[in-house]
Amino acid sequence: MILNRRTLLGVSAATLGAAALPKVSFAASGSGKKRLVFVLQRGAADGLGIVAPVGDPGYARLRGALAEDYAEAPRISGLFSLHPSLTKSAEMFAKGEMMAVHAVASHYRDRSHFDGQNVLESGGTRPYERKDGWLNRLVGLIPETDASGIAISQTIPLALQGPNKSSSYAPSRLPDAADDYMKRIGNLYMNDPKLHMLWEESIATRQLAEGMDGSANMRQAADVAALTSRMLSAEDGARIAMIETSGWDTHFGQRQRLGRELSRLDTLIASLKDGLGPLWNDTMVIVATEFGRTAAINGTNGTDHGTASAALLYGGSLSGGTVLGDWPGLRQSDLYQNRDLKPTASLENVIASSVASHFALDPEVTRRTLYPSQ
């Protein structure tokens, strides 16, 4: 991360850690064991829609109708506005319990969901380089000998796979079997843009036909958060949890679809905070995706697979209330390959720096353990 002529997002050079790591700091917290929740946004979430750079003159030009949602949205850190669906998150941001790191990306630079998620979860430098995940390796760094990880899922995702103690759990109603089956079928089409878009359209039509108004999604998000809170709150419970979310592949109709998914995410985080109670002060939540989306709106009022996105961090002891990063700009000459938000920060560095600070671990040992190939 280079401090240059570009706008530094509300943070001084002293706030940036060594080796260009955004330094995530924490206020004094309770004496309990630290906990981490990793929320994976499968499908390439649009960082430009989540933390919108409304102060950049290129934003309205590139986004068209998608920029209209931010007309009345309050600014954060000068240049940005949070999506209006993130109401609880905005309250946490104002209290310093949330922050964002913008223009971040993993080492992966192509645009395959499967490959991008594999790199993000494994911590490798290229797809299928590693068989274990960075979250599992983190379990091995936590001082407690009984430390373990839990995935709120039917199976253990790659990020938690490895030699250290981890498991998965989900009651049969989370998720609904029919919806889970449909998602698995949709995964088969992820690498074919045309087929994937047609599948997404058919799912959206099915949901509308069934009269889904979003309330079921909100209840499910709250239920997942309640379950996660119980798993983390037990004295002998897990110290690390992973939650997978989907629905972020907004090739068409993004305005409605992104708002729905962000409302669900907002409910998830707020319910986690409520469920953890005092333990929220010892908990950090990292929200990240495999890559971002195109800077410009497409012909179906959506966005396509891109590169850089935004990572979100939450926690009761987080010294947040800011947006970190080196903003690359949205002029045509500023875009990566003339189409995407250009990465200026490493997602791997953001994660390594954050967890090292949260668990009071040696930063260099943490980085080498989580990302040994880098």
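Scroll up to find the structure.
Procedures and definitions
- Residues numbered from 1 in each chain as written.
- Predicted model: local features only at pLDDT ≥ 70, side-chain atom pairs only at ≥ 80, totals over all residues.
- Heavy atoms only, no water.
- Buried < 20%, exposed > 50% of the residue type's maximum accessible area, 1.4 Å probe, protein only.
- Helix = DSSP H or I, 4+ residues; strand = E, 2+ residues; numbered from the N terminus.
- Pairing = 2+ DSSP bridges.
- Axes fitted to C-alpha atoms, helices over the stretch in contact; angles between N-to-C directions.
- Parallel < 35°, antiparallel > 145°, perpendicular 65-115°, else oblique.
- Left-handed = near helix turned anticlockwise from the far one by under 90°.
- Contact = heavy atoms within 4.5 Å.
- Nonpolar A, V, L, I, M, F, W, Y, C, P; charged D, E, K, R; others polar.
- Phe/Tyr/Trp six-rings, centres within 6.5 Å; stacked < 30°, edge-to-face > 60°.
- Lys NZ or Arg CZ within 6 Å of the ring centre and 35° of its normal.
- Polar contact = N/O pair within 3.5 Å; in protein donor to acceptor, adjacent residues only side chain to side chain.
- Salt bridge = Lys/Arg side-chain N within 4 Å of Asp/Glu carboxyl O.

Student: Explain the pairing of strand E9 (residues 283-289) to me, and be specific about the residues and the numbers.
Tutor: Where burial is concerned, most of E9 is hidden: seven out of the seven residues are buried. As paired elements, strand E1 (residues 35-41) and E9 share seven bridges and run parallel to each other. Within the sheet, the bridge partner assigned to valine 37 lies in E9 and is valine 285. Both E9 and strand E10 (residues 309-315) contribute to a ladder of four bridges, which runs antiparallel. Bridging across to E10, methionine 284 finds its partner in glycine 315.

Student: Lay out the packing of helix H10 (residues 347-359) against helix H11 (residues 363-370) with the relevant residues and their values.
Tutor: One way to put it is that H10 packs onto H11 with a least axis distance of 9 Å and a crossing angle of 130 degrees. As the angle between them shows, H10 and H11 are arranged oblique. Crossing angle aside, the handedness with which H10 passes H11 is right-handed. Where H10 approaches H11, its residues Asn349, Ile351, Ala352, Val355 and Ala356 are matched on the opposing element by Pro363, Thr366, Arg367 and Leu370. Across the contact of H10 with H11, the residue classes break down as six nonpolar, two polar and one charged.

Student: With reference to specific residues and values, describe the packing of aromatic side chains.
Tutor: One pass over the full model with this rule turns up four aromatic pairs. Ring centres of tyrosine 59 and tyrosine 70 lie 6.1 Å apart, and the angle between their planes is 75 degrees; this geometry places the pair in the edge-to-face category. Placement of tyrosine 59 in helix H2 (residues 57-63) and of tyrosine 70 in the loop between H2 and strand E3 (75-76) is noted, with a sequence separation of eleven residues between them. No difference in accessibility class separates tyrosine 59 from tyrosine 70, as the two residues are buried. On the numbers, 5.3 Å between centres and 90 degrees between planes, the contact of phenylalanine 80 with tryptophan 327 is edge-to-face. Of this pair, phenylalanine 80 sits in strand E4 (residues 80-82) while tryptophan 327 sits in the loop between strand E11 (323-324) and strand E12 (345-346), placing them 247 residues apart in sequence. One cation-aromatic arrangement involves arginine 257 over phenylalanine 252; the distance from NZ or CZ to the ring centre is 4.4 Å.

Student: I'd like a description of the side chain of serine 229, backed by residues and values.
Tutor: For serine 229, the position within the fold is in helix H8 (residues 215-233). A polar contact is formed between the side chain of serine 229 and the backbone oxygen of alanine 225, at a distance of 2.9 Å.

Student: Tell me about the packing of helix H3 (residues 87-94) against helix H9 (residues 254-276), and name the residues and values.
Tutor: Interhelical geometry of H3 versus H9 gives an angle of 55 degrees and a closest axis separation of 7 Å. Here H3 is positioned oblique relative to H9, judged by the angle of their axes. Here Thr87, Lys88, Ser89 and Met92 of H3 come into contact with H9, specifically with Asp266, Ile269, Ala270 and Lys273.

Student: Can you explain the sheet that holds strand E2 (residues 51-52)? Please cite residues and give values.
Tutor: Taken together, three strands build an open sheet; the order of strands is E2-E4-E3 and the sheet is antiparallel. Looking at which strands have only one partner, the edges of the open sheet turn out to be E2 and E3. Sheet analysis places E2 next to E4, joined by two bridges and oriented antiparallel. Its bridge partner lying in E4, alanine 52 is registered against serine 81.

Student: Which residues make up the pattern of salt bridges, and what are the values?
Tutor: Oppositely charged side chains may form a pair once their charged atoms are brought near each other. Taken as a whole and assessed by the stated rule, the structure comprises 18 salt bridges. With a closest N to O distance of 2.9 Å, aspartate 69 and arginine 255 form a salt bridge. Of this pair, aspartate 69 sits in the loop between H2 and E3 while arginine 255 sits in helix H9, and the two are 186 residues apart along the sequence. Using a relative accessible area of 36% as the deciding quantity, one classes arginine 255 as partly exposed.

Student: Explain the environment of asparagine 164 to me, and be specific about the residues and the numbers.
Tutor: Position of asparagine 164 among the secondary structure elements: in the loop between strand E6 (149-152) and strand E7 (166-168). Note on asparagine 164: relative accessible area 26%, which makes it partly exposed. Apart from the residues lying within four places of it in its own chain, the contact partners of asparagine 164 are Asn136, Arg137, Val139 and Gly140. Within the local environment of asparagine 164, its side chain forms a polar contact with the backbone oxygen of asparagine 136, the two atoms lying 2.9 Å apart.

Student: Give a detailed account of helix H4 (residues 113-122), specifying residues and quantitative values.
Tutor: The element H4 is extensively covered by neighbouring structure, given that eight of its ten residues are classed as buried. Within H4 the residues assigned to the buried category are His113, Gly116, Gln117, Asn118, Val119, Leu120, Glu121 and Ser122. Among the residues trailing H4, glycine 123 stands out with phi positive, at a value near 80 degrees.

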